[in-house]
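The lines below spell out each chain.
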Amino acid sequence: MRRAIGWVAALALATAVASVHAGGTRQRVVRTAEDFGQGEVEGLSIRENGVLAQGRMRQVLPGFGRSVWSAVTVTGGAIYVATGEPAGLYKLEAGKAVQIHADARAMGYTLAAAPDGSVYAGELSQGAVLKVASNGRIAPYSSFPAGSIWAMVCDAAGNLYVGTGPRGVLYRITPAGQVESWLDTDEHNLLCVAMSGAGKVLAGGGERGNVYSIGEKNRAEIVCHFSTGSEVRALVPVGDLFYAAVNSPETEKPAERRRDRRDVHEQASESAPPPPDNGPRQDDPPDGDDVHASRVQHTESPEPVTPMAPEFDEGQPLLSGSLYSVDAAQKAELIASFPDEVILSLAREDDGGLLVGTGPHGRLYRVDPVSGDRTILHQLEQAHVTCLAAKDGRLAVAGTAESGAVVLSGAPSPIGTWTSPVYDAGAVSRFGQLSIFGTGAVQVFTRSGNDPTPERRWSDWSAPLVPPGGPTASPAGRYLQLRVQLDSAAREARVEELNFYHAGPNHRPRIESLTVTSESAEAEPQAKALQSKTGNSSEKDLVLELPPPADGASPHKGKAKKRDKEDSTHPPAQESKKQLPVGLRRIAWAATDSDDDQLSYRLQFRDTALGERALWLPLGKDFPLEDTTEYSWDTTLVPDGRYEIRLLATDERSNAASSVLTAEKVSEPVVVDNTRPEVADLVVSGDRVTGVARDRGSHIAALAVSVDGGPFSPVEPADGIFDGPEEKFSFRVPPCDPGPHVLAVEATDAEGNTGMAHVLIRADAGK
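Below is a summary of the structure that appears in this document. Only a predicted model underlies this, so the values are computations on that prediction, with no experimental measurement involved. (Residues numbered from 1 in each chain as written. Predicted model: local features only at pLDDT ≥ 70, side-chain atom pairs only at ≥ 80, totals over all residues. Heavy atoms only, no water.)

### Regarding the sheet that holds strand β54 (residues 713–715)
Here's step 1: Read across the sheet, 4 strands follow the order β54-β53-β56-β57 without closing on themselves; strand pairing throughout is antiparallel. At either end of the open sheet lies a strand with only one pairing partner, and these are β54 and β57 (754–763). When strand polarity is set aside, the average angle formed by the axes of neighbouring strands in this sheet is 30°.
Here's step 2: Pairing of strand β53 (residues 700–707) with β54, which is carried by 3 bridges, proceeds in the antiparallel orientation. Looking at β54, one finds that Ala704 is bridged to Pro714. (Pairing = 2+ DSSP bridges. Helix = DSSP H or I, 4+ residues; strand = E, 2+ residues; numbered from the N terminus. Axes fitted to C-alpha atoms, helices over the stretch in contact; angles between N-to-C directions.)

### Section: the pattern of salt bridges
Here's step 1: If you walk through the whole model with that rule in mind, you get 31 salt bridges.
Here's step 2: When the shortest N-O distance is used, the salt bridge between Arg366 and Glu349 registers 2.3 Å. Of this pair, Arg366 sits in strand β29 (residues 363–367) while Glu349 sits in the loop between β27 (342–348) and β28 (354–359); the two residues are 17 residues apart in sequence, bridging distant segments of the chain.
Here's step 3: What makes Arg366 partly exposed here is its relative accessible area of 21%. (Salt bridge = Lys/Arg side-chain N within 4 Å of Asp/Glu carboxyl O. Buried < 20%, exposed > 50% of the residue type's maximum accessible area, 1.4 Å probe, protein only.)

### Structural notes on the sheet that holds strand β21 (residues 210–216)
Here's step 1: Taken in spatial order, the 4 strands line up as β19-β20-β21-β22 in an open sheet, and their pairing is antiparallel. Only two strands of the sheet have a single neighbouring strand rather than two, namely β19 (190–195) and β22 (219–225). Across this sheet, the average inter-strand angle for adjacent strands is 25°, counted without regard to direction.
Here's step 2: With 5 bridges connecting them, β19 and strand β20 (residues 201–205) associate as antiparallel partners. Among the inter-strand pairings, Ala194 is bridged to a residue of β20, identified as Leu202.

### Brief notes about unusual backbone geometry
Here's step 1: The omega torsion of the bond from Gly359 to Pro360 falls at 10°, within 30 degrees of zero and hence cis.
Here's step 2: Mapped onto the secondary structure, Pro360 falls in the loop between β28 and β29.
Here's step 3: Pro624 follows Phe623 through a cis peptide bond whose omega is 5°.
Here's step 4: Residue Asp596 is not a glycine yet carries a positive backbone phi of 60°.
Here's step 5: Since its relative accessible area comes to 58%, Asp596 is described here as exposed.
Here's step 6: Look at Asp708: it is not a glycine, yet its phi comes out positive at around 55°.
Here's step 7: Inspection of the secondary structure assignment puts Asp708 in the loop between β53 and β54.

### Some points on the environment of Phe500
Here's step 1: Among the structural elements, Phe500 can be located in strand β39 (residues 494–503).
Here's step 2: You can call Phe500 buried: its relative accessible area is 1%.
Here's step 3: Counting along the chain gives 67 residues from Phe500 to Gln433, while the straight-line C-alpha distance between them is 5.7 Å.
Here's step 4: In this view, Phe500 contacts Arg26, Gln27, Arg28, Tyr423, Gln433, Leu434, Leu480 and Leu482; residues no more than four positions away in its chain are not counted. (Contact = heavy atoms within 4.5 Å.)

### Here we look at the pairing of β20
Here's step 1: Most of β20 sits out of view: 5 of its 5 residues are buried.
Here's step 2: Neither face of β20 is exposed, since Val201, Ala203 and Gly205 on one face and Leu202 and Gly204 on the opposite face are all buried.
Here's step 3: Once β19 ends, the chain turns through 5 residues before running back antiparallel as β20, passing Gly199 with a positive phi of about 85°.
Here's step 4: One ladder, built from 4 bridges, connects β20 with β21; its direction is antiparallel. In the sheet register, Val201 faces β21, and the bridge partner there is Ile214.
Here's step 5: In sequence, β20 turns back onto β21 through a hairpin of 4 residues, with Gly209 there showing a positive phi of about 75°.

Encoded structure:
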């Protein structure tokens, strides 16, 4: 039994097909509707559970400007389509489109079929209606004060109902040509109108998410309210229920994206729409009340739109589509959601299947109204399926936008093909077994090459493989493409899954970076120590500011300077408790592998004093390291000196021993100095103290003096600069009370180590 596969409308990249590998062999799996949706389909359908099956024949007629806006089938079977930019009317005859009208001043037309076989064409840009008589004669029919006409429908008596904007007025035009305002709503736009089975007019709003049922002039009932801000894009009545295509806004972050309010027909969204609200609403009139008389002003209602042909923003979709059924009891049930698509058209076939045209992926779905299962009947190069028309109970025509085309949809196709995207193996590779999970007359062809464009010196299509598959016959190459052909003439053919293997040369890992830093948690150690000794008692305390020791680099060579104790670059003294043990170094790295191999790491070190001939020694016994990119090195376990660190990265976990590759990188020299500096030769002569500070591993970075355990004060070296491993000093005895005192001199080296010496002094009573 096939496992259930979740339906995600967004397409993945062609190279992101499921892939697993071991020992240099990769497996590509194509099994979901998303996977098959990446390819080109002709005469096949893609079912929601990821099955390629028989589809419908189609013929694409291009060259209709920017968009095909509307399509209708009239009594007798003739089909008319209307276009925008440029605006025109066409009649489809024998698989060809014949233009019957054009108007450079118009933005486009929406169509409605009359019972007598004539067609009405309403201008999108102004309130004017043309009539195309059954004999082909075209003449102005009516006009009224509306900015735009979005939708029209005729009743059995020949009355024409017109949904308009930007005031959301529904007009009625009688067969005699009389125009009257039939309903004035709270909407800015009425995007769709339809005739219910009970003979009432249904109208869908473009901003408030309402569906209105109008039985008499100026009297309407809101039979369903979807979320505020939703647009009811299409309505299809069937008996005592109707189907509604609703595009709803994002519910979480509406302010993070811009919506162009000039056009109510763009949009799609990444989030599912909120459910419809069938309960009472404070701003809805009671059932049967006069909507026109009881209108309420709503400050949250969107701004009016400027009438224009539809525009679509593929990069930032703002609405997501949902398909609902609403029964006679006004109960709305969700049939299907289209998370990153906007529904632009809706129709029904006589067997009950619903046809849904969406954007921006150019998909035409057939949806089961009971189960909600979806099948992609046609996936088009054109981005948006804007209108649909049926003939003899089946889909006959689909119109598209962004690149205007008429798609003639026909009977089930006896033969269909699916051509995969170009799969990239990453390097010239050998192709192994191709497994085919399917039934019926299924054939799979392959071809390969080294250029991403198949027409450029690729191999010919191979001999076909049939289920369950076999060795791929295409020669080695970096790129591979599959073609599936189904022959449904005898019995149903289907493909559930394809997977193939490829193996290429192993590629060496790449080490992007290697750094060795002190394990100090906050700031540079000796600066903290000195700060804590000075006490921070005044905003003008003198402290010596030094940079953090950096892998052998010397700290600043300069004198102490004044700073405020609130200086945020140096945390308070008590935070020094966060410092980790002295001597730990953090070794961190970044490495990649173009084959996506799992990497293992080893760290080694050597003493630079021994030169290039020195042996590389392991840092510890924890190697190889896996699933980590850092290591703590305890430098107290090695003598003071200058060292280099080498990182080895291997792909041994993913490849046989004969094909394992290793990358290496050597760090900059690292100074290890864990020995305290020495303070020596302390001599007190009169009111001056002299001595010398020495360090074997690095240079002296700071000197400080304390009397009787009091706060430390900085001392300058004799030559005024801390720049060597030995610094002489001479300073005046700090002021103190008469009598004996203990004077402590502390030296700090560049690595934060401290050493101290003491001397007894006596202050004279006369001073």
